[in-house]
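# Breakdown of the fold
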Amino acid sequence: MKQSFLLLILLILMLLHPEITVKGASNGLLLWYSSVVPALFPFMVLSSLIVASGSLSILMAPVRLVLGPLLGLSAEGCYTLLSGLVCGFPMGAKTCADFLSRGQLSLKEGKFLMAVCNHASPMFLLGYVYPLFHGNLLLWKLLAAVYGPALLLAFPARLLYRNGAPTGRTSKIKEKPEPQEIPELNFPSPNQSNPGELSAGEAILASVEVLCRIGGLLILFSIAVEFLRCAGQLPAGLRLFLMGTMEMTTGIRTLAAALPFPYSAAAACASLTFGGLSGILQTKAALGALAQKKKAGLSIRQYCAWKLLYACLTAAILLTLEA
């Protein structure tokens, strides 16, 4: 009911102020095709093909020597963690959903990974965030603030989700999901000769569908952010907070320009690691049907709680380093 009421308000504002709507939609579309698609599309396609290839045990053997004993991760878990850190958000969530839908991750390991694997990519951090503070903020401090909480939260998350779970090998889900619980994006077509294989064409179509969902959310939230930017009657602090929590890309730039250093860097990095409401819905879109089924074991509410904790730790670390 509340969601419908907010959407109705946004619809009325869009009808009354078409110029703001067009500007916000243009900003969202530009951000999507100039930054999101080039950064995510190749990784999504290749990751889908790698996941379906069945060769992860060999590829992840060196990584698993470290992460296996330290975090109790299987080969699939190691790959999920790396894809979330290197390829960028929401690739960690999508890879986790792919493995869960195939029964290649246990529910405990999937929950643990969702707490620590979904982050902004180093490319986005170095290409978009760091230039906003270049000259004031040392790179190692930025990296420590953004990625350091992942290490701090990994151990309590393992105690919460992984206690008693088998380690050192891939743990299968005992009860395989019903066909309707498997995301439609990754379900093999009936005319495939081998149901374990995924063709390049199917991987491309699956990635395009996820990216279209992400693009639609970016456009809608960019419109909402543009209305907030023009809402001069709102207190400046509240307006900055809402923009930072709505959509991280626009929020980061706005916070960096509006606040004095180092508070601007702390607020911008907190917005980055939280991901914004847009990022949460993008993650939910990447999870697909697994996010809709309670017995699939993945909770968006728990994911939000971890991201809030992550954002608080990021701001605290950066302010401590700059003190």
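One structure accompanies this document, and this report is about it. Every chain is numbered on its own, with residues counted from 1 as its sequence reads. Thresholds applied to this predicted model are a pLDDT of at least 70 for local features of residues and 80 or more for the giving and counting of side-chain atom pairs; totals over whole chains, interfaces and linings are not thresholded and use all residues. Side-chain numbers come from the whole structure's heavy atoms, not from hydrogens or water.

## Some thoughts on the overall build of the protein
Under the convention used in this document: Secondary structure is summarised from DSSP: a helix means a run of H or I of at least four residues, a strand means a run of E of at least two, and numbering begins at the N terminus for each. Burial classes follow relative accessibility: with a 1.4 Å probe on protein chains only, a residue under 20% of its type's maximum area counts as buried, one over 50% as exposed, and anything between as partly exposed. Any two residues whose heavy atoms approach within 4.5 Å are treated as being in contact. Computed with the Shrake-Rupley method and a 1.4 Å probe, the accessible areas treat only the protein chains shown as cover for residues.
A count of helices and strands for the protein gives 15 helices and 0 strands. Burial status across the protein gives 51% buried among its 323 residues. Restricting the contact set of the protein to residue pairs at least 6 apart, pairs at least 24 apart contribute 76%. Put simply, the protein shows about 15,700 Å² of open surface, and 69% of that area lies on carbon and sulfur atoms.

## Observations concerning the packing of helix α4 (residues 61-71) against helix α9 (residues 139-161)
Helix-helix packing: each pair is described by the crossing angle between the helix axes and the interaxial distance. Threshold: Note on geometry: axes are lines fitted to C-alpha atoms, helical ones only across the stretch in contact, with angles between N-to-C directions running from 0 to 180 degrees. Every angle not falling under 35 degrees, over 145, or within 65 to 115 is termed oblique; those three ranges are roughly parallel, roughly antiparallel and roughly perpendicular. For this scheme, ten residues count as nonpolar: Ala, Val, Leu, Ile, Met, Phe, Trp, Tyr, Cys and Pro. Four count as charged, namely Asp, Glu, Lys and Arg, and the remainder, Gly too, count as polar.
As a packed pair, α4 and α9 sit with axes 11 Å apart at the nearest point and diverge in direction by 55°. On the basis of their axis angle, the class for α4 and α9 is oblique. Residues P69, L70 and L71 of α4 lie in contact with α9, whose contacting residues are A154, F155 and R158. Here the residues of the contact of α4 with α9 are counted per class, giving 5 nonpolar, no polar and 1 charged.

## Observations concerning the pattern of salt bridges
Formally: For this analysis, a salt bridge means a side-chain nitrogen from Lys or Arg found within 4 Å of a carboxyl oxygen belonging to Asp or Glu.
Overall, the coordinates contain 5 salt bridges when judged by the stated rule. Note that K23 is salt-bridged to E226, the shortest N-O span being 3.6 Å. Placement of K23 in helix α2 (residues 18-53) and of E226 in helix α10 (residues 200-230) is noted, with a sequence separation of 203 residues between them. Judged by its relative accessible area of 48%, K23 falls in the partly exposed class. The exposure class of E226 is buried, given its relative accessible area of 4%. The salt bridge partner of K94 is D98, with a shortest N-O separation of 3.1 Å. Remark: D98 and K94 occur in helix α6 (residues 91-101); sequence separation between them is 4 residues, near one turn of the helix. Summarising the burial analysis for this pair, K94 and D98 share the class buried.

## Digging into the packing of α10 against helix α14 (residues 276-287)
Stated formally: Handedness of each helix crossing follows the sense of rotation of the near helix against the far helix: counterclockwise by less than a right angle gives left-handed, clockwise gives right-handed.
Where α10 contacts α14, the two axes come as close as 9 Å, and the packing angle between them is 160°. Between α10 and α14, the interaxial angle falls into the category roughly antiparallel. The two elements α10 and α14 cross, and the hand of that crossing is right-handed. Where α10 approaches α14, its residues V210, R213, I214, L217, L218 and F221 are matched on the opposing element by L277, S278, L281, Q282, A285 and A286.

## Description of the packing of aromatic side chains
Put simply, the rule is: Here the aromatic set is Phe, Tyr and Trp, taking the six-membered ring for Trp, and pairing holds for ring centres within 6.5 Å; pairs whose planes are under 30 degrees apart are stacked, those over 60 apart are edge-to-face, and all others are tilted. Whether a charge lies above a ring is judged from NZ of Lys or CZ of Arg, which has to be within 6 Å of the ring centre and within 35 degrees of the ring normal.
As enumerated under the stated definition, the model contains 3 aromatic pairs in all. Between F124 and Y128, the ring centres sit 5.0 Å apart and the planes meet at 20°, which makes this aromatic pair stacked. Here Y128 and F124 lie together in helix α8 (residues 122-133), a separation of 4 residues that amounts to about one turn. For F124, a relative accessible area of 19% gives the class buried. One residue, K307, lies across the ring of Y310, its end atom 5.2 Å from the ring centre.

## Some remarks on the environment of A200
Structurally, A200 can be placed in helix α10. As for A200 and L49, which are separated by 151 residues in sequence, their C-alpha atoms are 7.0 Å apart.

## Describing the side chain of E247
What counts here: His is not counted, nor are the chain ends, whereas Lys and Arg count as positive and Asp and Glu as negative. Pairing of N or O atoms within 3.5 Å defines a polar contact, subject to two protein rules: one partner must be a possible hydrogen donor and the other a possible acceptor, and residues neighboring in sequence count only if both atoms are side-chain atoms.
Along the chain, E247 falls in the loop between α11 (236-246) and α12 (248-258). Of the side chains with opposite charge, R229 comes closest to the buried, unpaired E247, at an N-O distance of 8.2 Å. A distance of 3.2 Å separates a polar side-chain atom of E247 from the backbone nitrogen of T249. When neighbours within four sequence positions are excluded, E247 is seen to be in contact with L31, L218, F221, V225 and S278.

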